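Residue-level listing of the chains:
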Amino acid sequence: MSDTKPEVKPLTRSDREAKIKDKAGFVIVFLAALLAINTMIGGSNSSKIQNNTIQANNMWAWYQAKNVRGVLYEISAAEANKPENKEKFLAEAKRMSDDKKEIMEKAKVLEAERDAAKLKSPWFTWSGSTLQIAIVLLTASILAVSMPMFYISTVVGAIGSLLVSQAI
């Protein structure tokens, strides 16, 4: 027996292509799934921004209505001739004031939730764009049979994945 090593044949283009297809295909599926999740959560975040804005606006409109009614009750109390009417109007004015406090608290909670969602919004956009670029580069690496392009696209995909983590 001789100590000769088996001959190592250089990879042919079709061997390299098959190797890249296997690796890139797996990474593409992973990044596409991550992109779909990012898009779904980002859409939910956008809906939360819109819904909370509308609900907060409604709360502030309701607050203004209570404010107007409270002022009307105060004016009515000041102009009332009968003491029982004056007391009734003042009680209603106080109720309007108490209602306004509750409404204001609810509106501020909605605004805070909306503002927190707004801070996340750019991250969904950046991560989605980065993941799309990575998928395009991965596809190009398959077509060009280029391992350097595959590695670059994997790095871009990792950056996109990191951006997704910041969005959530």
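Provided above is the structure to which this section pertains.
A short tour of the structure in this document, coming up. Note that the structure is a prediction, hence the values are computed from the model and not measured.

Further remarks concern the pattern of salt bridges. Taken as a whole and assessed by the stated rule, the structure comprises six salt bridges. With a closest N to O distance of 3.1 Å, Asp98 and Lys94 form a salt bridge. You can see Asp98 and its partner Lys94 sitting in helix α2 (residues 83-144), four residues apart, about one turn around the helix. In the salt-bridge network here, residues are joined through shared partners; they are Lys66, Glu92, Arg95 and Asp99.

Moving on, we get to a nonpolar patch on the surface. Taken together, the side chains of Val68, Val71, Leu72 and Ile75 define a hydrophobic patch exposed on the protein surface, amounting to about 330 Å² of accessible area. Within the fold, Leu72 resides in helix α1 (residues 13-79).

Looking now at the environment of Leu138. Here Leu138 lies in helix α2. The buried category is assigned to Leu138, whose relative accessible area is 0%. Considered as a pair, Leu138 and Lys118 are 20 residues apart in the sequence and their alpha carbons are 31 Å apart. Once you skip the residues sitting within four places of it in the chain, Leu138 turns out to touch Ala24, Val27, Ile28, Leu31, Phe150, Ser153 and Thr154.

Each value, and the rule that gives it
- Residues numbered from 1 in each chain as written.
- Predicted model: local features only at pLDDT ≥ 70, side-chain atom pairs only at ≥ 80, totals over all residues.
- Heavy atoms only, no water.
- Salt bridge = Lys/Arg side-chain N within 4 Å of Asp/Glu carboxyl O.
- Helix = DSSP H or I, 4+ residues; strand = E, 2+ residues; numbered from the N terminus.
- Patch = residues over 30% accessible without salt bridge, like charges linked within 9 Å, V, L, I, M, F, W, Y side chains within 5 Å.
- Areas by Shrake-Rupley, 256 points an atom, 1.4 Å probe, with all protein chains shown as cover.
- Buried < 20%, exposed > 50% of the residue type's maximum accessible area, 1.4 Å probe, protein only.
- Contact = heavy atoms within 4.5 Å.

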